[in-house]
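Below, each chain spelled out in residue letters.
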Amino acid sequence: MTEMNNQVESSQSMADALENFGEVKIGDVVKGEVLAIEDKQAIVGIEGAGVEGVVPAKELSTLPVEDINEIVKVGDVLELVVISSIGKDKENGSYLLSKRRLDAKKVWADIEQEFKDGKIIEAPVTDVVKGGLVVDVGVRGFVPASMVEDHFVADFSSYKGQTLAFKIVEIEPSENRLILSHKAIVEEEKAGKKQELLASLHEGDKVEGTVARLTDFGAFVDLGGIDGLVHVSEISHSHIAKPSDALKVGDKVQVAVLSVDPDRERISLSIKDTLPGPWDNIEEKAAPGTVLDGTVKRLTSFGAFVEVFPGVEGLVHISQISHKHIATPHEVLTEGDQVQVKVLEVNPEEHRIALSIKALEEKPADAKEEVEETEDYVLPEETTGFSMGDILGAALKEENDNDEA
């Protein structure tokens, strides 16, 4: 009787135990204890089900697994999702399980929230493929080549292994689609620096920049976040035909700020304002009596303008060109001629130099000096910078000096 009672109780206990085992369904999230590791897979016992499952190495992590023993060990309890049934007659268990897919689901949920919040994410670049970069954010993300930088990049190989900041452009968890942009981060950073620079620059400031682009009308100089324009007239004190005659892309230059327009994000710059002026110390370089080499730049009815230093022109009045009488300077001079001149007078404040060619030439014995009729030509002061009194006075002084000699 006692033996029969024990058998009944034992049968009842087994029935109770079987009732406690839940049914396992595809998509269920279960816990499994690692029972063994073999053939690059973990054998787990599914808690509450009384059955075993298999977790392949590739389903343990979102990252490539080289050694499964570095990921799990016997006794670990893992949270897993049931992928499929592999049949009770199959070796090593009856269900295929995944930790990676469950982790990815959580990652997708987090990324979706970050996308909604407009947050910036950071992730390492795991691979460089045709058309862009592959990054790991817990799931696979892709950065198209056009969204890597704000400029053209020929070779992306150096990006592999780098951790960069990204903006989420597009997300579709059901298709495992995640498009990211590093370019958007770069552009936002540059926009911020641009505003800081615009606020910090003031007229008269002198800063260093790099020549970024050359055009026919000037040079664009990168000030470290925003470009400013140096008009061709502000590149040098001497005349240059085009910016490329004096500059090349990549040159480091000192520039002076002429004006700043924050609303239009425009900055006008000058290189020549940072350079010594051509008229600096002109009294020492061109003291009266000094003999200089020069180039005839312009001919007028009343004389010739001769450049004696870069950006410095002096006037040789028609009466100081030759001992012989000439009707116009064109009779003996041509633009571009190289001539020697003697300084008669220098006025640094008004940027004027009176010069003479004939003072360096021997006076012919039969030459007769003739005083030019002032009504024969007009001498506009606003054009030449010299008054008639200045020129004739200098000429008479020179003649008196020669007579005394």
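Before reading further, recall that the structure is shown in the block above.
Residues numbered from 1 in each chain as written. Predicted model: local features only at pLDDT ≥ 70, side-chain atom pairs only at ≥ 80, totals over all residues. Heavy atoms only, no water.

Tallying secondary structure elements over the protein chain gives six helices and 20 strands in all. Out of the 405 residues in the protein chain, the part that is buried amounts to 38%. Put simply, 58% of the contacts in the protein chain that link residues at least 6 apart link residues at least 24 apart. Total accessible area on the protein chain is roughly 23,700 Å²; 48% of this is exposed by carbon and sulfur atoms. (Helix = DSSP H or I, 4+ residues; strand = E, 2+ residues; numbered from the N terminus. Buried < 20%, exposed > 50% of the residue type's maximum accessible area, 1.4 Å probe, protein only. Contact = heavy atoms within 4.5 Å. Areas by Shrake-Rupley, 256 points an atom, 1.4 Å probe, with all protein chains shown as cover.)

Across five bridges, strand β16 (residues 291–300) lies against strand β19 (residues 338–347) in antiparallel orientation. Note on β19: the bridge partner recorded for L292 is V341. Across five bridges, the pairing between β19 and strand β20 (residues 352–356) is antiparallel. For V346, the partnering residue across the bridge sits in β20 and is I353. Counting the residues between successive antiparallel strands, the hairpin from β19 to β20 contains four residues, one of them, H351, with a positive phi of roughly 55°. (Pairing = 2+ DSSP bridges.)

To continue, consider the pattern of salt bridges. Counting across every chain of the model gives 14 salt bridges. Put simply, R101 and E59 hold a salt bridge, and the shortest N to O gap is 3.2 Å. Note that R101 is positioned in helix α2 (residues 100–117) and E59 in the loop between β3 (51–56) and β4 (77–85), a separation of 42 residues in sequence. Ionic pairing is found between D150 and K190, a salt bridge with its closest N-O pair at 2.8 Å. (Salt bridge = Lys/Arg side-chain N within 4 Å of Asp/Glu carboxyl O.)

Around the barrel, which closes on itself, the five strands sit in the order β16-β17-β18-β20-β19 with mixed pairing between neighbours. Across the sheet, the mean angle from the axis of one strand to that of its neighbour is 50°, orientation sign disregarded. The sheet contact formed by strand β18 (residues 312–317) and β20 spans two bridges and is parallel. Its bridge partner lying in β20, L315 is registered against A354. (Axes fitted to C-alpha atoms, helices over the stretch in contact; angles between N-to-C directions.)

This part covers the layout of surface pockets. Approximately 370 Å³ is the volume found for the largest pocket. Along the walls of the largest pocket sit 16 residues, with T62, R100, G138, V139 and R140 positioned nearest its centre. Residue assignment for the lining of the largest pocket shows that the elements contributing at least two residues are α2 and β7 (132–136). With five residues, the top contributor of residues to the lining of the largest pocket is α2. (1 Å grid on protein atoms, 1.4 Å probe; cavity = no way out; pocket = protein on both sides within 12 Å on 5 of 7 lines; lining within 4 Å. Points joined across faces, edges and corners; volume = space filled by probe spheres on them.)

This brings us to the sheet that holds strand β12 (residues 218–222). Spatial ordering of the closed barrel is given by β11-β12-β13-β15-β14, a layout of five strands whose pairing is mixed. Geometrically, the sheet is characterised by an average inter-axis angle of 55° between neighbouring strands, direction not taken into account. For strand β11 (residues 206–214) and strand β14 (residues 252–261), the ladder comprises five bridges, and the chain directions are antiparallel. Of the residues in β14, the one forming a bridge with K206 is A256.

Inspection of the sheet shows strand β6 (residues 120–129) paired to strand β9 (residues 163–172) by five bridges, in the antiparallel sense. For E122, the partnering residue across the bridge sits in β9 and is A165. Note that β6 and β7 share four bridges and pair antiparallel. In the sheet register, V129 faces β7, and the bridge partner there is G132. Turn length for the β6-β7 hairpin, with the two strands adjacent in sequence and antiparallel, is two residues, and the turn residue G131 shows positive phi of about 100°.

Our focus in this paragraph is the environment of I168. By secondary structure assignment, the location of I168 is in strand β9. Considered as a pair, I168 and K119 are 49 residues apart in the sequence and their alpha carbons are 8.0 Å apart. Setting aside anything within four residues of it in sequence, one finds I168 in contact with I111, E114, F115, I121, L178, I179 and L180.

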